[in-house]
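Structural overview
Here's the letter readout for the chains.
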Amino acid sequence: MSLADVEYLPETPAHDPQIEAINDEAFGPGRFVLAAYKIREAGGHERALSFVAMDGDLVVASVRMTRIAAGAGRALMLGPLTVRPAFKNLGIGRRLVAIALEAAAKARAPAVMLVGDEPYYGPLGFKRIPRGQISMPRPVDLDRLLSHEIMPGAVARLTGEVCHADQARVAEHFAAMA
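Residues numbered from 1 in each chain as written. Predicted model: local features only at pLDDT ≥ 70, side-chain atom pairs only at ≥ 80, totals over all residues. Heavy atoms only, no water.

**Some remarks on helix α3 (residues 92-106)**
To keep it simple, the criterion reads: Helix and strand definitions follow DSSP, with helices as H or I runs of at least four residues and strands as E runs of at least two, each counted in order from the N terminus. For a helix, the expected span equals 1.5 Å multiplied by the residue count minus one. Any residue under 20% of the maximum accessible area for its type is buried, any over 50% is exposed, and the rest in between are partly exposed; the area is computed with a 1.4 Å probe on protein chains only.
The end-to-end C-alpha distance of α3 is 21 Å, a good match for the 21 Å that 15 residues give at a rise of 1.5 Å each. Among the residues making up α3, those that are buried are Ile 92, Gly 93, Leu 96, Val 97, Ile 99, Ala 100, Leu 101, Ala 103 and Ala 104. Looking one or two residues past α3, Arg 108 carries a phi angle of roughly 65 degrees, positive in sign.

Next comes the structure, spelled out in structure tokens:
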């Protein structure tokens, strides 16, 4: 396999079984109790902003984006980013993140946030969100809450508990009816 053989494509439903297998291998069943998964399960991810790396018919890596809300702020949450073990440390994950950030900017997303390691994501344009500015629906290391701002001031608008954007729309709808 050569990196020249790797093709980066938008995610389709046909990729789902292989993506699930990669996520299972990388994170195991414990992933379902993580804060980010709690948010994702409330409304799913944005397939048009999610991508795969392919080696022939094999999905070797995946990155997904989910619309989120926190206070007056709206953003995308990046993750999970997963790479099959045999394809790690080749730059495939970093390339997928770059593609996802470019798509987010084209879609006029104000910001992208994630739960991840600053040494990995920092060089990709992510910075730590100030402690206490946002919280997650389940425990998380606050030092791992990172953001990439696309529109100036967008990260500062993210306050309080992060939820799936669909949940925020439902809450706003009921608030407007009251």
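Moving on, there is more to tell.
**Notes on helix α1 (residues 16-27)**
Filter applied, for reference: In this description, the arc belongs to the directions extending from the helix axis to the C-beta atoms. In what follows, a contact means two residues having at least one pair of non-hydrogen atoms within 4.5 Å.
In this model α1 runs 16 Å from its N-terminal to its C-terminal C-alpha over twelve residues, within 8% of the 16 Å that 1.5 Å per residue would give. Taken together, the buried positions of α1 are occupied by Ile 19, Ile 22 and Asn 23. Within α1, the buried residues cover an arc of 100 degrees as seen down the axis, which keeps them to one side. Tucked into the core, α1 has its buried residues touching α2 (35-41), β2 (51-55), β3 (58-71) and β4 (73-83). Where α1 terminates, the next one or two residues include Gly 28, which has phi positive at roughly 65 degrees.

**Details of the packing of aromatic side chains**
In this description, a pair of aromatic rings is defined by centroid distance and the angle of the planes. Counted only if it meets this: Between 30 and 60 degrees the pair is tilted, below 30 it is stacked and above 60 it is edge-to-face, where a pair is any two Phe, Tyr or Trp rings, Trp via its six-membered ring, whose centres lie within 6.5 Å. Working rule: Lys NZ or Arg CZ, within 6 Å of ring centre, within 35 degrees of ring normal, means a charge sits over the ring.
Under the definition given, this model contains two aromatic pairs. An angle of 80 degrees between the planes, with centres 4.8 Å apart, marks the rings of Tyr 120 and Tyr 121 as edge-to-face. Taking 5.8 Å as the distance between ring centres and 75 degrees as the angle between the ring planes, the aromatic pair formed by Tyr 121 and Phe 126 counts as edge-to-face. You can call Phe 126 buried: its relative accessible area is 2%. Joined through ring pairs, the aromatic side chains of Tyr 120, Tyr 121 and Phe 126 make up one cluster. We note Arg 40 situated over the ring of Tyr 37; from NZ or CZ to the ring centre the distance is 4.8 Å. One Lys or Arg, Arg 95, reaches over the ring of Tyr 8 and ends 5.8 Å from the middle of that ring.

**A closer look at the side chain of His 164**
Which entries qualify depends on this criterion: We define a polar contact as two N or O atoms separated by no more than 3.5 Å, with the added condition that, inside protein, one atom must be a possible hydrogen donor and the other a possible acceptor, whereas residues neighbouring each other in sequence contribute only through side-chain atom pairs.
Residue placement: His 164 occurs in strand β9 (residues 158-164). Residue classification places His 164 among the buried positions, given a relative accessible area of 2%. Polar contacts involving the side chain of His 164 include one to the main-chain amide nitrogen of Asp 166, which spans 3.0 Å. Sequence-distant contacts of His 164, defined by excluding residues within four places in its chain, comprise Ile 39, Arg 40, Ala 42, Gly 43, Gly 44, Thr 66, Arg 67, Ile 68 and Ala 69.

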